[in-house]
Structures are given as structure tokens and as C-alpha cells.
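Below, each chain spelled out in residue letters.
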Amino acid sequence: MISVCIATYNGEKFIKEQLDSILHQLSDEDEIIISDDSSTDATLDIIKKYLDKRIVIIDNQKFHSPVYNFENAIKQAKGDYIFLADQDDVWLPHKIDSLLPHLVENDLVLSNAKVVDASLNMVKERFYKKNPLKGFISNFSFNPYTGCMLAINRRALRYILPFPPKIAMHDIWIGLCCEIFGKVYFLDENLILYRRHGANLSAASETSVLPYTYRITYRMIVLKELMKRYAKIKFRF
């Protein structure tokens, strides 16, 4: 069974295009878990019009955070393989079929993507120019994990959940946990149209625009929480 987890907030402009690109890749037994962080636009109205039993809506959430909104969706997932999806991208038709074989052996698979603008015009042919996974120290220093390009095996849930408080983004936490406790793999294949339109909830890019001091602070928070999680799992603290 496959679970697709989407954290929504005021995504009326692109959510239908994204759902359409995902649904036709799913079987009748699969699911899309949508956790909505109290959208004030027509996002939920659009989703509810599908009348599709595979779509599970968790509404009226008040996280005010894409990190914990995603965590909420992941906690509800029932699938053996869990795919993360942003509300404003478009999946290419072979995404699931391409990733599934690699998810059997690996706890996390990171794929590549075409970067497009709001109208799906090409901006960049490949988001990652080469394999960005270079080992824990490098990946900790320069986060290569982009949430919408991740899929995980269910066994990863035992060590990525719950998310610790105050982490800046969920993707670096999930990625580094999977490196420490499992296996990660990069599939150099474009599997989504990664839409960058100036209003994305995530600020992912090759070069961070965040202040240097902020990047150091949130990495120290992640490192501290990784050490605590390691001790808890390895030594049953």
C-alpha cells in the first residue's frame, strides 16, 4: 500500500493540478493523506469535490507550520511506502513506478526534478546537477534533502517520529535520521515538476538565502535532537 502525504495551506491555485497528477498513479487500495493547516481559501472545497475514497482529509489543524503539518499527515499514513508531496508541484507519470523498486532496499529515496515556474515553463532541466548525498557530515552542513522529492519505507517511521520541537524543516530531519539508522539512495531521474513561484512554503534552493547565524542555530538544534534520538534507540534511554 502507498500513502501520499500532503500538507496544505491556502493552496487553491495549484492543488487540483497536483492531485490530478498523483491520483492516476495510485491503485484503489492506496491513499492520499491531506493535513490542512486551517486554510482560509478554497483549498478544502477543491479537494472535497473529488469524492474519492482514497483521499483522507484532516482539516481544522492549527500548527501554523509546514513541518508539523507534514508530521501530522505522516502519522496518519497506513502505507508500506510513504511519499511526500507539496501542494503546488506536479508529479510526472512514472514517479511511483520508478521509486518503488528502490524503496524495498532503502529507507529513503531522494529523486531529481525539473524546476519550473508558476506556469510550468522550464527554469532548470535538473534540480540536482549530480548526486547530492555525500555522507553525514557533508549532508549535515549542506542539506541536500528536499521534502517533495523524498519517499520513505514505513520502517523509517520508528526513528523519525515524533519530530522534535523547534526543527526548522522536516526534510533535513527525515534525511539525516535515515542516514544514521537506515539506508538512503539518490535516484537521478526527474520525477516531478518542482514549481517555484515566489510564494512557496519551503525556501529550498541550491543556495540558501537564510542568515548564516540562523543556519548554524537550526543545525545545532537538529544535531542535539539526533544525538538524543540515537541514545534513545540504541541504548533504550
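Check the entry above for the structure.
Residues numbered from 1 in each chain as written. Predicted model: local features only at pLDDT ≥ 70, side-chain atom pairs only at ≥ 80, totals over all residues. Heavy atoms only, no water.

(A) Inspection of the nonpolar core at higher detail. Counting residues in hydrophobic clusters, the biggest one holds 71 residues, and the most contacted among them are Val4, Ile32, Phe83, Ile160 and Ile174. Sorting elements by how many residues they give to this core places helix α7 (residues 170–181) first, with 7 residues. Those residues within four positions of Val4 in sequence are excluded, and the remaining contacts are Ile22, Leu26, Glu31, Ile32, Ile33, Phe83, Ala85 and Trp91. (Core = buried A, V, L, I, M, F, W, Y, C linked by side-chain atoms within 4.5 Å. Buried < 20%, exposed > 50% of the residue type's maximum accessible area, 1.4 Å probe, protein only. Helix = DSSP H or I, 4+ residues; strand = E, 2+ residues; numbered from the N terminus. Contact = heavy atoms within 4.5 Å.)

(B) Up close: the packing of aromatic side chains. In the structure shown here, the tally under the stated rule is 9 aromatic pairs. Ring centres of Phe127 and Tyr128 lie 4.7 Å apart, and the angle between their planes is 80°; on these two criteria the pair is classed as edge-to-face. Ring centres of Tyr230 and Phe235 lie 6.2 Å apart, and the angle between their planes is 75°; this geometry places the pair in the edge-to-face category. Assessed through its relative accessible area of 52%, Phe235 is described here as exposed. Site record: aromatic cluster; members linked through ring pairs are Phe127, Tyr128, Phe186 and Tyr194. A cation over an aromatic ring shows up here: Lys95 above the ring of Trp91, its NZ or CZ 4.8 Å from the ring centre. (Phe/Tyr/Trp six-rings, centres within 6.5 Å; stacked < 30°, edge-to-face > 60°. Lys NZ or Arg CZ within 6 Å of the ring centre and 35° of its normal.)

(C) How the structure looks around unusual backbone geometry. Along the chain, Leu161 connects to Pro162 via a cis peptide bond; the corresponding omega equals -5°. Of note, Pro162 is situated in the loop between α6 (157–160) and α7. For Ser38, which is not a glycine, the phi torsion comes out positive at approximately 60°. By the element assignment, Ser38 lies in the loop between β2 (31–36) and α2 (43–48). Although it is not a glycine, His64 sits at a positive phi angle of roughly 55°. Tracing the backbone through its elements, the reader meets His64 in the loop between β3 (55–58) and α3 (66–76).

(D) Structural detail: the side chain of Ser98. Here Ser98 is to be found in helix α4 (residues 95–105). Judged by relative accessible area, Ser98 falls into the buried class, the value being 15%. With near-sequence residues (within four places) excluded, Ser98 lies in contact with Leu187, Glu189 and Leu191.

(E) Just the packing of α7 against helix α8 (residues 212–235), in detail. As a packed pair, α7 and α8 sit with axes 11 Å apart at the nearest point and diverge in direction by 40°. The pairing of α7 with α8 is recorded here as oblique in orientation. As α7 packs across α8, the resulting crossing turns out to be right-handed. Taking contact as the criterion, the partners of Ile172, Trp173, Leu176, Cys177, Ile180 and Phe181 in α7 are, on α8, Tyr218, Val222, Glu225, Leu226, Arg229, Tyr230, Ile233 and Lys234. A class-by-class count of the residues in the contact of α7 with α8 yields 11 nonpolar, no polar and 3 charged. (Axes fitted to C-alpha atoms, helices over the stretch in contact; angles between N-to-C directions. Parallel < 35°, antiparallel > 145°, perpendicular 65-115°, else oblique. Left-handed = near helix turned anticlockwise from the far one by under 90°. Nonpolar A, V, L, I, M, F, W, Y, C, P; charged D, E, K, R; others polar.)

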